[in-house]
Amino acid sequence: STLQASDICDNAVTTLDINECGKLMHQEADKKLTLAYKRALKRINEIEDIQQKKDTKDALIKAERLWIQFRDKDCDAVYNLWRAGTIRGAIYWGCMIHHTEERTKDLELIADKD
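Rules used in this analysis
Residues numbered from 1 in each chain as written. Predicted model: local features only at pLDDT ≥ 70, side-chain atom pairs only at ≥ 80, totals over all residues. Heavy atoms only, no water. Salt bridge = Lys/Arg side-chain N within 4 Å of Asp/Glu carboxyl O. Helix = DSSP H or I, 4+ residues; strand = E, 2+ residues; numbered from the N terminus. Buried < 20%, exposed > 50% of the residue type's maximum accessible area, 1.4 Å probe, protein only. Disulfide = S-S within 2.5 Å. Contact = heavy atoms within 4.5 Å. Axes fitted to C-alpha atoms, helices over the stretch in contact; angles between N-to-C directions. Parallel < 35°, antiparallel > 145°, perpendicular 65-115°, else oblique. Left-handed = near helix turned anticlockwise from the far one by under 90°. Nonpolar A, V, L, I, M, F, W, Y, C, P; charged D, E, K, R; others polar. Patch = residues over 30% accessible without salt bridge, like charges linked within 9 Å, V, L, I, M, F, W, Y side chains within 5 Å. Areas by Shrake-Rupley, 256 points an atom, 1.4 Å probe, with all protein chains shown as cover.

Chemist: I would appreciate a short explanation of the pattern of salt bridges in the present structure.
Modeler: Any two side chains of opposite charge can pair, so long as their charged atoms come close to each other. Taken as a whole and assessed by the stated rule, the structure comprises six salt bridges. Here R39 ties to D112 by a salt bridge, and the two come within 2.2 Å at their closest N and O atoms. Separated by 73 residues along the polypeptide, R39 in helix α2 (residues 15-45) and D112 in the segment after α4 (88-111) bring together distant segments of the chain. A relative accessible area of 35% places R39 in the partly exposed class. The shortest N-O distance in the salt bridge between E46 and R43 comes to 3.9 Å. Here R43 falls in the buried class, since its relative accessible area comes to 18%.

Put into structure tokens, the structure is as follows:
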């Protein structure tokens, strides 16, 4: 069975455990993001106007690629700001989780559009 984030996070004391907890929590958030992205694409595929559908889909795919680059660079900057401290890993994963959760909300707005 796979380890759940809560199994490690509930007892995280060491820097190693805290970093592992952050990594697992990010993986869980990333799964939700992937689901929301797929749902958004599915919603876009329901658009009847062929050109509107193509333009919307192309824009979303480009936005998602750029967003991934932004998230990674932004969290790299945060990591480097704190790199002299043992807290750097926790801060980095916190950044990754925050951005992922916010992007998931954005994608859900598209997926749930009437």
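Chemist: Is there a simple way to explain the state of the cysteines in this structure?
Modeler: As used here, a disulfide is simply a covalent bond connecting the sulfur atoms of two cysteines. The tally for this structure, following the rule as stated, stands at two disulfides. Here C9 pairs with C21 through a disulfide, and the sulfurs are 1.9 Å apart. Of note, the bridge from C9 to C21 carries an S-S torsion of about 105° and is right-handed in sense. Here C21 lies in helix α2 and C9 lies in helix α1 (residues 5-9), a separation of twelve residues in the sequence. Covalently, C75 is tied to C95 through a disulfide, its sulfur atoms 2.1 Å apart. Sign of the S-S torsion, about -85° for the bond between C75 and C95, identifies this disulfide as left-handed. Here the residue C75 occupies a position in helix α3 (residues 50-81), and C95 occupies one in helix α4, the gap between them amounting to 20 residues. The residues C75 and C95 share a single accessibility class, namely buried.

Chemist: Sorry if this is basic, but what is going on with the environment of A36 here?
Modeler: Of note, A36 is situated in helix α2. Taking the C-alpha atoms as reference points, A36 and T104, 68 residues apart in sequence, are found 6.0 Å from one another. Ignoring any residue separated from it by four or fewer positions in sequence, one finds A36 in contact with T104, L107, E108 and A111.

Chemist: Can you help me understand the packing of α2 against α3 in this one?
Modeler: Any two packed helices are characterised by how steeply their axes cross, that is the angle between the axes, and by the distance between the axes. Between α2 and α3, the least distance of the axes is 9 Å, while the angle of their chain directions is 165°. In terms of orientation, α2 lies roughly antiparallel with respect to α3. Here the hand of the crossing between α2 and α3 comes out right-handed. Taking contact as the criterion, the partners of H26, D30, L33, Y37, A40, L41, I44 and N45 in α2 are, on α3, K53, T56, K57, L60, I61, E64, W67 and R71. Here the residues of the contact of α2 with α3 are counted per class, giving eight nonpolar, three polar and five charged.

Chemist: Looking at this structure, how should I read a nonpolar patch on the surface?
Modeler: A cluster of nonpolar side chains, contributed by L81, W82 and I87, occupies part of the molecular surface with about 340 Å² of accessible area. Within the secondary structure, W82 is located in the loop between α3 and α4.

Chemist: How do you make sense of the side chain of T100 when you look at a structure like this?
Modeler: Checked against the element boundaries, T100 lands in helix α4. The residues touching T100, leaving out its near neighbours within four places in the chain, are H26, A29, D30, L33, W67 and R71.

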